[in-house]
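# Breakdown of the fold
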Amino acid sequence: MSSPDSPSAADDLPAVAPRLRSLRRRAALTLEAAARAAGLSPAHLSRLETGQRQPSLPMLLALARVYGTTVSELLGETVADRDAVIRAADMEPTRAGGWTYWQAGASGRGMQALRVHVPYGSQGDIVRVHPGEEWLHVLTGRLRLRLGDTVHLLGPGDGAHFDSLTPHRLAAQDPDGVDLLFVHTLLQSPTAALCLGPTPGETP
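Bear in mind the structure is a predicted one, so any value in this text is a computation, not a measurement.

## Considering the pattern of salt bridges
All chains considered together, the criterion is met by four salt bridges. Between Glu49 and Arg21 there is a salt bridge; the shortest N-O distance is 3.5 Å. Here the residue Glu49 occupies a position in helix α4 (residues 42-49), and Arg21 occupies one in helix α2 (residues 16-26), the gap between them amounting to 28 residues. Across the salt bridge formed by Glu49 and Arg24, the nearest N and O atoms sit 2.6 Å from each other. With Glu49 in helix α4 and Arg24 in helix α2, this residue pair connects regions lying 25 residues apart in the sequence. Classification of Glu49 as buried rests on a relative accessible area of 5%.

This is how it looks when you write it as structure tokens:
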């Protein structure tokens, strides 16, 4: 698997940088306010907006909540006319920060459904806290899920449904990674988001 900063990974997200800036301005947020709400430093968000760094999937989820939109809009993906049925052939994989995910639901809804592959040792394994709910179901592999001070090991067929204000972290337990179905609620108010935690791969 390519590293998040490798050319192949960067090529997966060619238009994210200008879209991040456009959506932040649409939400009438300063760089500092948006970065604080997403749990990033202003310098790191600036590098994302100028294309010097590529965002991980947790960063995209956080920024989508802050801007009151979806990851699919951040990436320029659309599902025509809010189709009720999403065909497997239309689920194009997207890679961000080492994670791979497939849009498994329609855009513009009150929740977002993804099929996600989390590799072992991913830089996206950071603690998050934000309003809303999350539901996940393990398809293959084993997931190490930290909820508050408790660590749970989930295998195929296991699931979890939790309040996102509980500090949480997702990590693959085994070298082959873990595949999940993942659903989270979307917040439509840019001022309602709260994402806390260390920024992965942040350099001075």
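## What to know about the side chain of His168
Position of His168 among the secondary structure elements: in strand β8 (residues 168-172). What makes His168 buried here is its relative accessible area of 4%. Side-chain polar atoms of His168 contact the side chain of Glu134, separated by 3.1 Å. Of note is the side chain of His168, whose polar atom sits 2.7 Å from the backbone oxygen of Thr166.

## Some details on the packing of helix α3 (residues 31-38) against α4
Taken N-terminus to C-terminus, the directions of α3 and α4 make an angle of 105 degrees; their axes are 8 Å apart at the nearest point. By the angle class used here, α3 and α4 are roughly perpendicular. For the pair formed by α3 and α4, the contact residues are Leu31, Glu32, Ala34 and Ala35 on the first element and Pro42, Leu45, Ser46 and Glu49 on the second. Split into classes, the residues belonging to the contact of α3 with α4 amount to five nonpolar, one polar and two charged.

Rules behind the numbers
Residues numbered from 1 in each chain as written. Predicted model: local features only at pLDDT ≥ 70, side-chain atom pairs only at ≥ 80, totals over all residues. Heavy atoms only, no water. Salt bridge = Lys/Arg side-chain N within 4 Å of Asp/Glu carboxyl O. Helix = DSSP H or I, 4+ residues; strand = E, 2+ residues; numbered from the N terminus. Buried < 20%, exposed > 50% of the residue type's maximum accessible area, 1.4 Å probe, protein only. Polar contact = N/O pair within 3.5 Å; in protein donor to acceptor, adjacent residues only side chain to side chain. Axes fitted to C-alpha atoms, helices over the stretch in contact; angles between N-to-C directions. Parallel < 35°, antiparallel > 145°, perpendicular 65-115°, else oblique. Contact = heavy atoms within 4.5 Å. Nonpolar A, V, L, I, M, F, W, Y, C, P; charged D, E, K, R; others polar.

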